[in-house]
Amino acid sequence: MHKMRVAACLALLAASAGVRAANAGALEDGAERYRPYLIEGVASALEGARALRERAAAADLPGARKAWLSARAGWERSEVFTAGFVPELDAQIDAWPNADSGFHAIEAKLFGAGSTDVATDATGLVEHLNDLHGKLKDIKLTPQGLLDGTVRLAYEVGESKADGGESRISGTSLDDMRNNIAGIDFAYHTIFSAALNTVDGKLDEMVTNRIEQLEAIVATPDLPHVNIADLRQTSEELVVALQSASAKLGLQRPTLEAQAR
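Source: prediction; values computed, not measured.

Can you help me understand the nonpolar core in this one?
In summary, soluble globular proteins display a tendency toward joint burial of nonpolar side chains. The biggest cluster of nonpolar side chains holds 67 residues, and the ones touching the most others in it are Y34, F81, L110, L132, L141, L146 and F192. Per-element tally for this core: the top contributor is helix α1 (residues 2–57), with 11 residues. When sequence neighbours within four positions are dropped, the list of residues in contact with F81 reads Y34, L38, V86, L132, L136, I139 and L141.

For this particular structure, what's the right way to read the packing of aromatic side chains?
Enumeration over the complete set of coordinates arrives at seven aromatic pairs. Ring geometry for Y34 against Y37: centres 5.8 Å apart, planes inclined by 40°, an arrangement best described as tilted. Here the residue Y34 and the residue Y37 both occupy positions in helix α1, the gap between them amounting to three residues, near one helical turn. Since its relative accessible area comes to 0%, Y34 is described here as buried. Taking the relative accessible area as the measure of exposure, Y37 reaches 16% and is therefore buried.

Sorry, what's going on with helix α9 (residues 201–217) here?
Structurally, the α-helix is built with 3.6 residues per turn, so residues lying three or four positions apart point the same way. With 17 residues, α9 ought to run about 24 Å at 1.5 Å a step, and its terminal C-alpha atoms sit 24 Å apart, in line with that. Of all the positions in α9, only L203, D204, V207, T208, R210, I211, L214 and I217 are classed as buried. The inward-facing, buried residues of α9 contact α8 (173–199) and α10 (228–248).

About the thresholds
Throughout this description, residue numbers start from 1 for each chain and increase along the sequence as written. It should be noted that, the model being predicted, local features are given only for residues of pLDDT at least 70 and side-chain atom pairs only at 80 or more, the latter also being counted only at that level, while totals for whole chains, interfaces and linings use all residues. Side-chain descriptors were evaluated using all non-hydrogen atoms of the structure, hydrogens and water having been removed beforehand. Only buried residues count toward a nonpolar core. Its members are Ala, Val, Leu, Ile, Met, Phe, Trp, Tyr and Cys residues joined through side-chain atoms within 4.5 Å. Categorising residues by exposure relies on relative accessible area from a 1.4 Å probe, with only protein chains included: less than 20% of the type maximum marks a residue as buried, more than 50% marks it as exposed, and the intermediate range marks it as partly exposed. Going along the chain from the N terminus, every DSSP run of H or I of four or more residues is numbered as a helix, and every run of E of two or more is numbered as a strand. A contact between two residues is defined here by any heavy atoms of the two lying within 4.5 Å. A pair of Phe, Tyr and Trp rings is counted when the ring centres sit within 6.5 Å of each other, with Trp represented by its six-membered ring. The angle between the planes then sorts it: under 30 degrees is stacked, over 60 is edge-to-face, the rest tilted. The span you would expect from a helix comes to 1.5 Å times its residue count less one.

Next up, the structure:
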């Protein structure tokens with residue numbers, strides 16, 4: 001009887017190891033499927049930044065503002081990736097609230113001061129985005145790092161962006177949140193959902209439901225119409241659900257602090 005119990009335990013351990021190995025392979029495949037989305041988002045930001053530099057040089061304030069908004073959208077869709085994998089470039093491109101370079105330094109001049117005198121900052125933004133875009137084909141995309149980024153961004157949507165966000169001068173914080181949530185949605189369903197569904201379908205359904213709730217909460221005409229209490233609660237519930245999912249996916253529990261992985 002003892003030998004039978006040992007054999008059963010060994011068989012269970014072997015099966016669990018097989019599930020973990022299968023999940024690891026599925027997650028790595030998912031990370032590679034995420035790569036083209038990431039490349040497209042950064043390419044869109046780079047295209048917008050180049051147009052911004054051109055329009056600002058022509059003293060075209062409306063055109064420069066429009067280009068900034070376009071660049072911003074591509075960047076915000078990519079934030080699942082940026083802080084954890086390329087923290088130095090992330091700081092140069094999207095430093096906030098101490099914005100002495102990047103998007104927010106330009107935002108203050110274009111939207112705050114109504115000035116197109118942004119040549120140096122715009123050139124720096126183009127160079128940093130171009131540097132990042134050049135790295136994306138070969139950089140190692142780890143499922144752990146992408147889950148960490150998804151969790152951090154979900155938390156950020158409900159906390160640091162819920163009170164007006166980081167793009168207050170341009171008034172685009174609501175769009176920031178929408179693009180962030182779109183990035184979270186794509187990353188989760190491209191990389192993690194199928195693997196989690198095989199081991200815990202209810203938890204997968206919960207994560208999907210919370211993402212859909214966030215999308216609905218920010219589907220308002222303007223930021224004052226966003227239910228901030230619901231946004232924060234749903235964001236926190238999504239974070240907890242994703243943290244719970246980590247062990248079932250064979251990954252470490254994500255923290256809310258950026259760590260390169």
